[in-house]
Amino acid sequence: MAEIDLRNGRVVICDTETTGFSPYKDALVEVAGLEMIDLRLTGRKYHAYINPRRTVPPSAVAVHGLTNEFLKDKPYVESVLPEFVSFIGGSPFVAHNARFDISFVNRGIQSITGRELDCPVVDTLGMAKEKLNTSRLSLDQLCDRLNVSRTARTLHGALLDCEILAEVFIKLVTFGEGGLDLKAPVRRSRLALTPRNPGGTKASPAGTSSSAGHASELAESLAPGSASAEERARHRAFIEAIGAGLWKRHPF
């Protein structure tokens, strides 16, 4: 299995929200990525909501708060995923329970280009299991274990979860400092989806600007890793509208 030096170089902290658990039956409704170089957030990010072209079930709304009414005027996946893939480039895709996120991204981008995302995938779930020797592995539980604030995480949200995961990732990489090997095993993003069109479009280098009118945010001049005041206000509005919901029972 290949290894990658997680302390040095560029990685992208990623998260997705969906209509359910199956990449074959369900759809993406939100994607986000934060650029990190040498364990420092640069302030560059990609964030977009997606119209899933299907009803978002109440069980999913209870997790992330994204309703069909909110998503009805958002761009479709064909507009969003190529930009997201371009932002990631060939950098490691870092996510918590990464198999879930990468399966949806691969399924979506393959349907558009005939190819899957081709980059290393780093799963903080596996990192935590190996380094912390614990079975309490949800993102909330890791925040508690590593003393990472999660006060803003009253509902799941891709951008907010990326911010939290970025801090968890740094603490996992540097956990024990000199006492642990900072090179973690990674796998490629290819799962079990066979490309149907070998000549399909390949992701362009990271940093490509997002198209006008899309609900994406790319290379914003914000403080590193921070969500905007508007995004936080929207998140609070979801909380007020939905209440506690079922998200507390959702493991990731």
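Source: prediction; values computed, not measured. (Residues numbered from 1 in each chain as written. Predicted model: local features only at pLDDT ≥ 70, side-chain atom pairs only at ≥ 80, totals over all residues. Heavy atoms only, no water.)

Caption draft 1: How the structure looks around helix H3 (residues 77-88). Between its first and last C-alpha, H3 extends 16 Å over 12 residues, near the 16 Å set by a 1.5 Å rise per residue. Within H3, burial applies to Val77, Val80, Leu81, Glu83, Phe84, Val85, Ser86, Phe87 and Ile88. Backbone geometry just after H3 places Gly89 at a positive phi near 60 degrees. (Helix = DSSP H or I, 4+ residues; strand = E, 2+ residues; numbered from the N terminus. Expected span 1.5 Å × (residues − 1). Buried < 20%, exposed > 50% of the residue type's maximum accessible area, 1.4 Å probe, protein only.)

Caption draft 2: Quick peek at the nonpolar core. Core analysis: the biggest nonpolar cluster contains 30 residues, and Ile13, Val168 and Phe169 have the highest contact counts within it. Breaking this core down by element, the ones donating at least two residues are strand E2 (10-18), strand E3 (28-37), helix H5 (124-132), helix H6 (139-146) and helix H7 (158-173). It is H7 that contributes the most residues to this core, 10 residues altogether. Excluding anything up to four places from it in sequence, Ile13 contacts Ala32, Gly33, Leu34, Met36, Val94, Cys162, Leu165, Ala166 and Phe169. Core analysis: the second largest hydrophobic core is formed by 24 residues, Cys14, Val31, Phe84 and Ile109 among them. (Core = buried A, V, L, I, M, F, W, Y, C linked by side-chain atoms within 4.5 Å. Contact = heavy atoms within 4.5 Å.)

Caption draft 3: Main features of the pairing of E3. E3 sits mainly inside the fold: 9 of its 10 residues count as buried. The pairing of E2 with E3 spans 9 bridges and is classified as antiparallel. From the neighbouring strand, Thr18 faces E3, where its bridge partner is Leu28. Linkage of E3 to strand E4 (residues 40-49), two consecutive antiparallel strands, is achieved through a turn of 2 residues, within which Asp38 is found at a positive phi near 55 degrees. (Pairing = 2+ DSSP bridges.)

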